[in-house]
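Observations on chain architecture
Read off the chains here:
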Amino acid sequence: LSIGGGHTITQDSDTSYVAVGRIGSVDVTPPRAATGVVGARSVFAHVVSNSQNFADSVTFEVRSRRSWLGRLYTDRNGDGELGDEDSELAGHVTLAAGGEMAFLLVVDIPAAGGSHPAVDTLTITARSASDSTKSGTVSNTLATRALASEMQLTVQVDRATASVGDLLSYTARWSYAATAAGLQS
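Position numbers for residues count from 1 along each chain, tracking the sequence in the order it is written. Under the rules for a predicted model, residues below a pLDDT of 70 receive no local features and side-chain atom pairs below 80 are neither given nor counted, while totals for whole chains, interfaces and linings still include all residues. Side-chain numbers come from the whole structure's heavy atoms, not from hydrogens or water.

As for the environment of Val119
Note the threshold: Runs of E in the DSSP output that reach at least two residues are strands. Runs of H or I that reach at least four are helices, and both are numbered from the N terminus. By the convention used here, residues are in contact when the closest approach between their heavy atoms is within 4.5 Å.
Within the secondary structure, Val119 is located in strand 10 (residues 119-128). With 22 residues separating them in the primary sequence, Val119 and Thr141 have C-alpha atoms 7.0 Å apart. Once you skip the residues sitting within four places of it in the chain, Val119 turns out to touch Arg65, Arg66, Thr141, Leu142 and Ala143.

This is the structure:
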């Protein structure tokens, strides 16, 4: 506002306050299913994502309906397999806003106790350390069988996420092992 003679009068308008809210959540993907042999190890590959609008620490909880032990490991190279470079997750991980991390759920199927065949559901919950209402849950189904012979098939993809038009590379691995009892009819 200008008034003749070079004098300026300044007047403030009303003050507006804007609260920037928290948006987004913590997600765990994808759900998996596998069949394993009693006494063997099963590995489930997952990704935890922080879709919130700020960095946050995430804690993890694993629950088993049958009380089987499930341990979480970082999947440093994202190959979906437990390797020497992968380390057991302890405590929490910090993810940037929009960040994600590949990790593994490793389950050693008990060799003794319980009845086989059996089915277990292992549930992973990833929870924001700063807001416990922000969490993601995924369930894995693990079926067992007590056999003297075993065939395993594993299919892996070269990355956990993709966009329309991306080229994905899949690798299939199989193995077969049998004892003399497994070869008898």
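Description of the packing of aromatic side chains
Spelled out, the test is: Centres within 6.5 Å are what make two rings of Phe, Tyr or Trp a pair, Trp counting through its six-membered ring; a difference in plane orientation under 30 degrees is then read as stacked, over 60 as edge-to-face, and the rest as tilted. Partly exposed describes any residue whose relative accessible area lies between the buried limit of under 20% and the exposed limit of over 50%, with all areas from a 1.4 Å probe on protein chains only and scaled to the type maximum.
Counting across every chain of the model gives one aromatic pair. Here Phe60 and Phe103 contribute two aromatic rings whose centre-to-centre distance is 5.2 Å and whose plane-to-plane angle is 55 degrees, an arrangement assigned as tilted. Placement of the pair is Phe60 in strand 6 (residues 56-64) and Phe103 in strand 9 (residues 100-108), with a sequence separation of 43 residues. Each member of the pair, Phe60 together with Phe103, is buried.

Focus: the sheet that holds strand 5 (residues 41-50)
Cut-off, in case you're wondering: One requirement defines pairing of two strands: DSSP has to find at least two bridges between them. Interaxial angles span 0 to 180 degrees and are taken between N-to-C directions of axes, which are lines fitted to C-alpha atoms, for helices over the stretch in contact.
With respect to topology, four strands assemble into an open sheet ordered 3-5-9-7, the strand pairing being antiparallel. At either end of the open sheet lies a strand with only one pairing partner, and these are strand 3 (26-29) and strand 7 (70-74). Direction aside, neighbouring strands of the sheet carry axes that sit 30 degrees apart on average. As paired elements, strand 7 and strand 9 share five bridges and run antiparallel to each other. Each residue of the ladder has a partner; that of Thr74, found in strand 9, is Phe103.

Topic: the environment of Thr133
Going by this rule: Two N or O atoms form a polar contact when they lie within 3.5 Å of each other; inside protein one atom must be a possible hydrogen donor and the other a possible acceptor, and for residues adjacent in sequence the pair counts only when both atoms belong to side chains.
Examined against the element boundaries, Thr133 turns out to sit in the loop between strand 10 and strand 11 (135-145). A relative accessible area of 62% places Thr133 in the exposed class. C-alpha separation for the pair Thr133 and Ser25, spaced 108 residues apart in sequence, amounts to 8.8 Å. For Thr133, the side chain forms a polar contact with the side chain of Asp131, separated by 2.6 Å.

Regarding the sheet that holds strand 10
With mixed pairing, the five strands of this open sheet are ordered in space as 4-11-10-6-8. Two strands close off the open sheet at either side, each with one partner strand: strand 4 (32-37) and strand 8 (92-95). Taken over all neighbouring pairs, the strand axes of this sheet differ in orientation by 25 degrees on average, direction set aside.

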